[in-house]
Amino acid sequence: MSDQKISVAVNPAASSPAPAAAQKHGVDPLAIIVRFQSLIGLVLVAIGGVIFSPRRHGEILFLNPDNIANIVRAVSETGIIAIGMTFVIITAGIDLSVGAVLGLSAVVTATMMISGGFGLIPTILAVLAMGVVFGIVQGAISTRFRLEAFIVTLAGLQAARGLALIVSGNQYINISYGDGPGLAPPVFAVLGERLFDNTVPVATIVFIIFAAIATLVLNTTRFGRYVYAVGGNERAARISGVPVSMVKISVYAITGFASALAGIVHAGQFNFGSANDGMGYELTAIAAVVIGGTSLFGGAGSMVGTVAGTIMLGALANILQLNNITPATQLLATAAIIVLAAVLQSLVRRREGLGR
């Protein structure tokens, strides 16, 4: 498969005349705003945080190192999921099961170590493999039977929650550490700690490493080019020889892996597993991806944008919490940002002559 063919699949309209507006005005300012919306939004939120942050003894609480660490720790789990979700949304798909798979993974992690007596490495490998298989099954069903991913992953959400309830018996599975039976390996507790002079949460380090690996995969590998090609124009990608079905199944395997990884991190941070863990995380992850500039229509997006969108949401929630704003208002503010991001994407597509 040559890179030339792939570029045709990604940009099927590259040889067509540019829209009149683009020809007349050159670079579209709105398109630039959409492309960098997450970074622009993150800067604006940071500025707002400095302006509206409460002060204590002259110190801006928002900029306190412990507060910054709390922000990035709080978004680490949804950030890991959002990284996986970016692959799916670039292919014009969606995965609603990610929060439930996180809950299932946290429960299985706790159960294997506490009740099953498994060691750290076997537990982690088994849980990650479970997440990958769950994603593969969803991707295969959606692709093989040409079903909407929304429906398939909605069913997957219910299935994962049901399995988590069965495994846990609808009970919290607490994780205690030690060397005897019914105790988890003490090293697992490191996921809830902070490194570098008790400043950087380990969960954040996991998030950053996963984001870096995903960025390399998306930007430097043939698979990454295939992902963009399938989302940009599936029919053209298929004609060019891109294994469309394999790519679609693979991106759901990635979200399954990401959700399982987030579940392991969750269990390590909070020292328990529950079937209710991860509720609503799928919506937060999707919001971070969309705010990060990844197109809901497929074919465009970046991991850097997703990371910025994730941190932006966390910073916004933190500012509102510091000012004692109710959770209801936080949800409304997030909803407004999501709608604004989607509207900007739609306006740019219309200017480019791509329709809805």
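A brief report on the enclosed structure follows. Position labels on residues start from 1 in each chain and follow its written sequence. With the structure being a predicted model, the display of local features is reserved for residues of pLDDT at least 70 and the display and counting of side-chain atom pairs for 80 or more, all residues being used for whole-chain, interface and lining totals. Note: side-chain values were computed over all heavy atoms of the structure, leaving out hydrogens and water.

1. Quick word on the nonpolar core
For our purposes a nonpolar core is just a set of buried Ala, Val, Leu, Ile, Met, Phe, Trp, Tyr and Cys residues, chained together by side-chain atoms within 4.5 Å. Residue burial is assigned from relative accessible area. The probe radius is 1.4 Å, only protein chains are included, and a residue is buried under 20% of its type maximum, exposed over 50%, and partly exposed in between. Ranked by size, the top nonpolar core spans 81 residues in total, and within it Ile80, Phe87, Ile175, Phe188 and Val227 carry the most contacts. Broken down by element, this core gets its largest block of residues, 12 residues, from helix 7 (residues 98-114). By the convention used here, residues are in contact when the closest approach between their heavy atoms is within 4.5 Å. Each residue touching Val227, except ones within four places of it in the same chain, is listed here: Phe87, Ile90, Thr91, Leu218, Val247 and Val251. Counting from the N terminus, the helices are DSSP H or I runs at least four residues long and the strands are E runs at least two residues long.

2. Quick notes on helix 7
The end-to-end C-alpha separation of helix 7 is 24 Å, in line with the 24 Å expected for 17 residues at 1.5 Å each. Of all 17 residues making up helix 7, 17 are buried, and the element is well covered by its neighbours. Expected span, for any helix, means 1.5 Å times one less than how many residues it has.

3. Some points on the environment of Ser346
Examined against the element boundaries, Ser346 turns out to sit in helix 16 (residues 327-351). In sequence terms Ser346 and Leu296 are 50 residues apart; their C-alpha atoms lie 9.3 Å from each other.

4. Structural notes on the packing of aromatic side chains
Within 6.5 Å between ring centres, the rings of Phe, Tyr and Trp (the latter by its six-membered ring) count as paired, and their orientation is classed by plane angle as stacked under 30 degrees, edge-to-face over 60, tilted in between. Here the structure, examined in full by the defined rule, presents four aromatic pairs. Ring centres of Phe87 and Phe223 lie 6.4 Å apart, and the angle between their planes is 35 degrees; on these two criteria the pair is classed as tilted. Within this pair, whereas Phe87 is found in helix 6 (residues 76-90), its partner Phe223 is found in helix 11 (residues 222-232), the two being separated by 136 residues in sequence. Neither residue differs from the other here; Phe87 and Phe223 are each classed as buried. Considering the side-chain rings of Phe210 and Phe257, the 6.0 Å spacing of their centres and the 35 degrees angle between planes classify their relative orientation as tilted. You can see Phe210 sitting in helix 10 (residues 202-220) and its partner Phe257 sitting in helix 13 (residues 244-270), a full 47 residues away along the chain. Residue Phe210 is classed as buried on the basis of its relative accessible area of 12%. Given a relative accessible area of 29%, Phe257 falls into the partly exposed group.

5. Observations regarding helix 8 (residues 120-144)
Here helix 8 spans 36 Å end to end across 25 residues, near enough to the 36 Å set by a 1.5 Å rise per residue. Here helix 8 has its buried residues at Leu120, Thr123, Val127, Leu128, Gly131, Phe134, Gly135, Gln138, Gly139, Ser142 and Thr143. Next to the buried residues of helix 8 lie helix 7, helix 9 (149-168) and helix 13. Looking one or two places after helix 8, you find Arg146, whose phi comes out positive at around 55 degrees.

6. Notes on the packing of helix 8 against helix 9
Helix-helix packing: each pair is described by the crossing angle between the helix axes and the interaxial distance. All axes are obtained by fitting lines to C-alpha atoms, using only the stretch in contact for helices, and the reported angles, taken between N-to-C directions, cover 0 to 180 degrees. Where helix 8 meets helix 9, the axes come as close as 9 Å, and the angle between the chain directions of the two elements is 145 degrees. Pair helix 8 / helix 9 crosses with right-handed handedness. Contacts between helix 8 and helix 9 involve Phe134, Gln138, Ile141 and Ser142 from the first element and Ala149, Val152, Thr153, Gly156, Ala159 and Ala160 from the second. Think of it as three bins: nonpolar holds Ala, Val, Leu, Ile, Met, Phe, Trp, Tyr, Cys and Pro, charged holds Asp, Glu, Lys and Arg, and polar takes everything else, Gly as well. Along the lines of polarity and charge, the residues of the contact of helix 8 with helix 9 split into six nonpolar, four polar and no charged. Crossing handedness is read from the near helix: turned anticlockwise from the far helix by less than a right angle, it gives a left-handed crossing, and turned clockwise, a right-handed one.

7. What to know about the packing of helix 10 against helix 13
The contact between helix 10 and helix 13 brings their axes to 10 Å, and the two run at 165 degrees. It follows that helix 10 is roughly antiparallel to helix 13 by the angle criterion. Of the two elements, helix 10 crosses helix 13, and the hand of that crossing is right-handed. Mapping the contact onto sequence places Ala203, Val206 and Phe210 in helix 10 and Phe257, Ala258, Leu261, Val265 and Gln269 in helix 13. Just so you know how the angles are binned, under 35 degrees is roughly parallel, over 145 roughly antiparallel, 65 to 115 roughly perpendicular, and the rest oblique.

8. Considerations on the pattern of salt bridges
Side chains carrying opposite charge are able to pair once their charged atoms draw close together. Throughout this description, the term salt bridge denotes a Lys or Arg side-chain nitrogen within 4 Å of a carboxyl oxygen of Asp or Glu. Applying the stated criterion across every chain yields a total of two salt bridges. Glu234 is the salt-bridge partner of Lys248, the closest N and O atoms lying 2.9 Å from each other. One end of the pair, Lys248, is in helix 13; the other, Glu234, is in helix 12 (residues 234-239), and 14 residues separate them in sequence. Each of Glu234, Arg238 and Lys248 takes part in salt bridges that share partners, so that together they form one network.

9. A short note on the layout of surface pockets
Cavity and pocket criteria rest on a 1 Å grid covering protein atoms alone: a 1.4 Å probe that fits but cannot get out defines a cavity, protein on both sides within 12 Å along at least 5 of 7 lines defines an open pocket, and an atom within 4 Å of a point defines a lining residue. Grid points are joined across faces, edges and corners, and a volume is the space filled by probe spheres set on the points. In this structure, the second largest pocket encloses a volume near 780 Å³. For the lining of the second largest pocket, the elements supplying multiple residues, two or more each, are helix 5 (65-74), helix 6, helix 13, helix 14 (281-291), helix 15 (303-322) and helix 16. Broken down by element, the lining of the second largest pocket gets its largest block of residues, eight residues, from helix 15. Class assignment of the residues belonging to the lining of the second largest pocket gives a composition of 18 nonpolar, 11 polar and two charged.

10. Here's the deal with the side chain of Ser53
Relative to the helices and strands, Ser53 is located in the loop between helix 4 (37-52) and strand 1 (55-56). Since its relative accessible area comes to 5%, Ser53 is described here as buried. Non-local contacts of Ser53, meaning those with residues more than four positions away in its chain, are made with Gly48, Ile60, Leu61, Phe62 and Leu322.

11. Looking at a nonpolar patch on the surface
Put simply, a patch holds well-exposed residues, over 30% relative accessible area, that have no salt bridge, with like charges counted together within 9 Å and Val, Leu, Ile, Met, Phe, Trp or Tyr side chains within 5 Å. Per-residue and other accessible areas were derived by the Shrake-Rupley procedure at a 1.4 Å probe size, with only the shown protein chains allowed to occlude residues. Taken together, Ile32, Ile33, Phe36, Leu39, Ile40, Val43, Leu44, Ile47, Ile51, Phe52 and Val304 make up a surface patch of nonpolar side chains, about 1000 Å² in accessible area. Those elements giving two or more residues to the nonpolar patch turn out to be helix 3 (29-35) and helix 4. Here the nonpolar patch gets seven residues from one element, more than from any other, and that element is helix 4. Secondary-structure assignment places Ile33 in helix 3.

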